[in-house]
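Secondary and tertiary structure notes
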Amino acid sequence: MTEKIRNTVVIAVGNQKGGVGKTTNTIQLAGALAERGRKSLIIDLDMTSGATKALRAPTDGWNSSFELLTGAESAEDTIITNDESEVALPPNIHLVPSSRKLAELDTFLAQNPWLIHQNLLLEPINRLRGKYDYVFLDTPPQKTKTTIPALKAADYAVLSAMPDHLAVSALAEALSDIVAAQKHANSNLALLGVILCAVPRPKTRLATALVGYVEQSCVDATGRTLKFSTEISRSVVVQEAQRAGQTIMQYQGDHPVADEYRTLAKEFEDRLQRFRQEQAVAPKVEEVVHA
Ligand SMILES: Nc1ncnc2c1ncn2[C@@H]1O[C@H](COP(=O)(O)OP(=O)(O)OP(=O)(O)O)[C@@H](O)[C@H]1O
Ligand SMILES: [Mg+2]
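The written sequence of each chain sets the order in which its residues are numbered from 1. Here the convention is simple: chains get letters from A, ligands get numbers from 1, in the order in which they are written. Owing to the predicted nature of the model, reporting of local features is limited to residues with pLDDT of at least 70; listing and counting of side-chain atom pairs is limited to 80 or more, with chain, interface and lining totals taken over all residues. For side-chain calculations, the full set of non-hydrogen atoms in the structure is used, while hydrogens and water are omitted.

Focus: the pattern of salt bridges
Criterion for a salt bridge: a side-chain nitrogen of Lys or Arg within 4 Å of a carboxyl oxygen of Asp or Glu. Counted by the stated rule, this structure contains 19 salt bridges. Note that R224 and D220 form a salt bridge whose closest N and O atoms lie 3.5 Å from each other. Exposure is judged per residue with a 1.4 Å probe applied to protein chains only, and the accessible area is read against the type maximum: over 50% gives exposed, under 20% gives buried, and values in between give partly exposed. Of the residues examined, D220 reaches a relative accessible area of 4% and is grouped as buried. Where R274 meets E278, a salt bridge forms, and the shortest distance between an N and an O atom there is 3.9 Å. R274 sits in the partly exposed class, given a relative accessible area of 23%. Residue E278 is classed as partly exposed on the basis of its relative accessible area of 26%. Via salt bridges that share partners, R201, K203, E215, K227 and E231 belong to a single interconnected network.

Re the site of ligand 1
By convention in these notes, a residue is near a molecule or strand provided one of its non-hydrogen atoms lies within 4 Å of it. Within the structure, ligand 1 sits among 19 residues, and V20, K22, T23, T24 and Q242 are positioned closest to it. Polar contacts here mean pairs of N or O atoms no more than 3.5 Å apart (in protein, one a potential hydrogen donor and the other a potential acceptor; neighbouring residues in sequence count only if both atoms are side-chain atoms). Here an oxygen atom of ligand 1 and a backbone polar atom of T23 are 2.9 Å apart. Within the side chain of D46, one N or O atom sits 3.3 Å away from an oxygen atom of ligand 1. Accessibility throughout is a Shrake-Rupley quantity obtained with a 1.4 Å probe, and a residue counts as covered only by protein chains that appear here. With the chains in place, 80% of the 630 Å² that ligand 1 exposes on its own is no longer accessible. Looking at the shell around ligand 1 residue by residue, the classes come out as six nonpolar, nine polar and four charged. The nonpolar class holds Ala, Val, Leu, Ile, Met, Phe, Trp, Tyr, Cys and Pro. Asp, Glu, Lys and Arg form the charged class, and all remaining residues, Gly among them, are polar.

A word on the nonpolar core
Core analysis: the largest hydrophobic core is formed by 88 residues, its most contacted members being I11, I42, I43, F136, L137, L192 and F268. For this core, the element with the highest residue contribution is helix 12 (residues 256–277), accounting for eight residues. Once residues within four sequence positions are removed from consideration, I43 is found in contact with S65, L68, V96, I125, L128, V135, F136, L137 and D138. Residues belong to a common nonpolar core when they are buried Ala, Val, Leu, Ile, Met, Phe, Trp, Tyr or Cys residues joined through side-chain atoms within 4.5 Å. Working definition: helices are DSSP H or I runs of at least four residues, strands are E runs of at least two. Numbering for both runs from the N terminus. Any two residues having at least one pair of non-hydrogen atoms within 4.5 Å are treated as being in contact.

Things to note about the packing of aromatic side chains
For this analysis, a ring pair means two rings from Phe, Tyr or Trp (six-membered ring only for Trp) whose centres lie within 6.5 Å, classed as stacked if their planes differ by under 30 degrees, edge-to-face if by over 60, and tilted for the remaining angles. On inspection of all chains with the given rule, the structure shows four aromatic pairs. Both rings, one in Y134 and one in F136, keep their centres 6.0 Å apart while their planes meet at 35°; by these two values the pair is tilted. Take Y134 and F136: they sit in the same class, and that class is buried. Their ring planes at 65° and their centres at 5.4 Å tell us that Y134 and F268 sit as a pair that is edge-to-face. With a gap of 134 residues between them, Y134 in strand 4 (residues 134–138) and F268 in helix 12 connect regions that are remote in the sequence. By the burial criterion, Y134 is buried, and F268 matches it. A ring is scored as having a charge over it whenever the NZ atom of a lysine or the CZ atom of an arginine sits within 6 Å of its centre and within 35 degrees of its normal. Looking at K39, its charged tip hangs above the ring of Y132, at a distance of 5.3 Å from the centre. Lying over the aromatic face of F228, R271 brings its terminal NZ or CZ to 4.2 Å of the ring centre.

A few points about the packing of helix 8 (residues 165–184) against helix 9 (residues 205–217)
At a minimum axis distance of 10 Å, the contact between helix 8 and helix 9 shows a crossing angle of 10°. Here helix 9 runs roughly parallel to helix 8, going by the angle between their axes. Judged by residue contacts, H165, V168 and L171 of helix 8 engage L206, L210, Y213 and V214 from helix 9. Looking at side-chain class alone, the contact of helix 8 with helix 9 contains six nonpolar, one polar and no charged residues. Fitting a line to C-alpha atoms yields each axis, with helices limited to the stretch in contact; the angle taken between N-to-C directions then spans 0 to 180 degrees. Orientation labels follow simple angle bins: below 35 degrees gives roughly parallel, above 145 gives roughly antiparallel, 65 to 115 gives roughly perpendicular, and whatever is left gives oblique.

Given below as structure tokens:
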């Protein structure tokens with residue numbers, strides 16, 4: 001049977017600060033979208049292999065995002081699916097794992113001066129279009145050599161933050177990266193939204209203030225906030241599911257955080273649809289930053 005052709009949306013998930021939920025939100029959102037029947041590919045672009053480890057996939061000995069970026073292997077030959085007996089990925093999620101080899105990307109680029117750094121993911125991503133509903137690019141903290149090709153190849157950026165000062169202030173840097181990518185590399189890139197996760201319940205005064213700050217400072221050209229209204233609570237179930245190599249929906253599907261991710265997945269898809277319908281008022285990051 002031939003596979004149906006999907007309208008692939010490519011999402012770069014970022015924030016310059018480490019440990020702010022980029023990988024967790026990528027995996028759990030893909031998991032919640034899977035329950036809605038969507039098929040996702042996660043490409044782990046972080047040398048420390050957060051997504052690869054969380055999905056219990058191998059970090060060496062297999063083709064990885066390094067081979068994808070360098071063109072040494074075709075996209076299809078770097079993807080791990082559930083057909084491999086060594087891994088048990090959540091349903092409807094495929095993975096391009098990462099490996100320590102990503103540290104050699106600088107050397108590779110120096111040895112191949114005709115290659116254009118920012119374009120490294122373009123051709124592989126274009127070949128994957130039609131095969132997935134979503135391709136999530138899980139980016140590393142700090143601006144490394146993999147963040148730039150991700151922002152060049154993505155249709156949308158999604159930012160992740162936790163309600164702490166450093167995570168929130170790093171958002172400004174991530175926003176200016178998106179502006180730079182729009183200006184110099186990818187004029188179609190739009191910021192889809194900001195996910196706030198690990199929100200303490202009940203909300204502390206600090207968390208309330210920081211969440212309010214993100215809500216008011218990340219807005220589109222019409223003044224509408226880009227913060228997703230669904231916030232993800234802080235809970236040990238996140239680490240427990242991670243340890244089990246599962247999504248929260250698989251690990252404890254009736255947990256309130258599983259429901260939050262389901263609500264977020266719906267909000268995410270509703271927003272994508274709205275952006276498509278309202279091209280004219282689609283957020284321009286430049287306006288967000290200079291608002
Ligand atoms: N809702 C939550 N409740 C509790 N802990 C959480 C929650 N979301 C994420 N965490 C924890 O926060 C830590 C950092 O999360 P994660 O690895 O997703 O961040 P990251 O931004 O991808 O980090 P890095 O920049 O290192 O790649 C992890 O230990 C994760 O389990
Ligand atoms: Mg990560």
